[in-house]
Amino acid sequence: MTAVVVALAASLAFGVSDFLGGVTSRRVPPMTVLFVAQTFGLVLIGLAVLLFAGAPPDSGFVPYALTAGALGVVGVGALWRGLSVGVVSIVTPITAAGPVIPVLVALAEGERPAALQVAGMVCIFAGVMLVSRTPNGEGAERAAGGRRIAAGVGFGLLAAICFGSLFVFVDQAAEESVLWGALVARIAAVALVAGAVIAVRHRVVAKREEVPGLLVIGAGDMTANVLLGAATTLGLLSIAAVLISLHILVTIGLARIVLHERLTPTQRVGVVAATLGAVMLSAA
């Protein structure tokens, strides 16, 4: 039960930080949001390690943590970019496909998914297909054959791949120490973002009134990542992954309340299917 509670807490933190990150990226350059949030998260996890982690474990976890950090920052960057150019309630459910990756990894390692898990994966894929379609009009990009694909869908798919792979590497990195694994991962993430900032000569500048929000995003994202590592060590990787994927409910709920977003009937079916698939996976 502890693993379930931690995973659900992680989903709440991810959902709130993703929504705030995406919405803020509509006013502040996404690279600025990412750099400030990731750097503040590094400060927080550094303090947590100094206060609670003790001596560092053997270095075997480092490659996994570095890879997790890179995947995490690319995934977050893609998601926030998708949320900044597309509809939150369309882009977010696409990331529900991410848990399929750790489930497949678990299968390769000898686990056998229950019938309900298989049904959940089918629902998620069906939901992704439905929610990615949009009628001709604003917020769409023309695809091959003249069909319309919702803006931000490509970023959502990239985020799903990164997040799904992230679970696998976080699980390995957190085996020795959740906090040390999170620290090394965040160092890699900040280094990657800093390199991108330097490469494109981006000026990291934000208005004074935007700074508190950026710090909240960084704190929420860092908290979510620590809870993710804890959830994978307390319980099964596959179950933790799908429970945390329920963050889409938080993000979509905030979009409905704050942004008053509306979907077409087909897209509503897609949202329900993707959400139902995540619930079915976690219930198995």
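Note: the structure precedes this text.
Residues numbered from 1 in each chain as written. Predicted model: local features only at pLDDT ≥ 70, side-chain atom pairs only at ≥ 80, totals over all residues. Heavy atoms only, no water.

### Observations concerning the overall build of the chain
Scanning the chain for helices and strands turns up 12 helices and 2 strands. Ordering the α and β elements of the chain from the N terminus gives α-α-α-α-α-α-β-β-α-α-α-α-α-α. Of all 284 residues assigned to the chain, the portion counted as buried reaches 51%. At a minimum sequence separation of 6, the contacts of the chain that also span at least 24 residues come to 89%. Accessible surface, the chain: about 12600 Å² in total, of which carbon and sulfur atoms supply 69%. (Helix = DSSP H or I, 4+ residues; strand = E, 2+ residues; numbered from the N terminus. Buried < 20%, exposed > 50% of the residue type's maximum accessible area, 1.4 Å probe, protein only. Contact = heavy atoms within 4.5 Å. Areas by Shrake-Rupley, 256 points an atom, 1.4 Å probe, with all protein chains shown as cover.)

### A word on the packing of aromatic side chains
For the coordinates displayed, the defined rule picks out 1 aromatic pair. Ring centres of Tyr64 and Phe169 lie 6.4 Å apart, and the angle between their planes is 40°; on these two criteria the pair is classed as tilted. On the criterion of sequence distance, the pair formed by Tyr64 in helix 3 (residues 62-85) and Phe169 in helix 7 (residues 153-173) is long-range, its members being 105 residues apart. For Phe169, a relative accessible area of 27% translates into the label partly exposed. (Phe/Tyr/Trp six-rings, centres within 6.5 Å; stacked < 30°, edge-to-face > 60°.)

### Here's the deal with the environment of His247
In this fold, His247 is placed in helix 11 (residues 247-259). In this structure the C-alpha to C-alpha distance between His247 and Ala7, which are 240 residues apart in sequence, comes to 10.0 Å. Leave out the neighbours within four places in its chain, and His247 touches Ser11, Phe14, Gly15, Asp18 and Thr95.

### Remarks on a nonpolar patch on the surface
Where nonpolar side chains cluster on the molecular surface, the patch consists of Val43, Leu44, Leu47, Leu50, Leu51 and Phe52 and spans about 660 Å² of accessible area. With respect to the element layout, Leu50 can be found in helix 2 (residues 30-53). (Patch = residues over 30% accessible without salt bridge, like charges linked within 9 Å, V, L, I, M, F, W, Y side chains within 5 Å. Salt bridge = Lys/Arg side-chain N within 4 Å of Asp/Glu carboxyl O.)

### Concerning helix 11
Structural remark: α-helix, 3.6 residues per turn; residues separated by three or four positions point the same way. Across its 13 residues, helix 11 extends 17 Å between first and last C-alpha, which sits within 8% of the 18 Å expected from 1.5 Å per residue. Within helix 11 the residues assigned to the buried category are His247, Ile248, Val250, Thr251, Ile252 and Ala255. Positioned one or two residues after helix 11, His260 has a phi angle of 55°, which is positive. (Expected span 1.5 Å × (residues − 1).)

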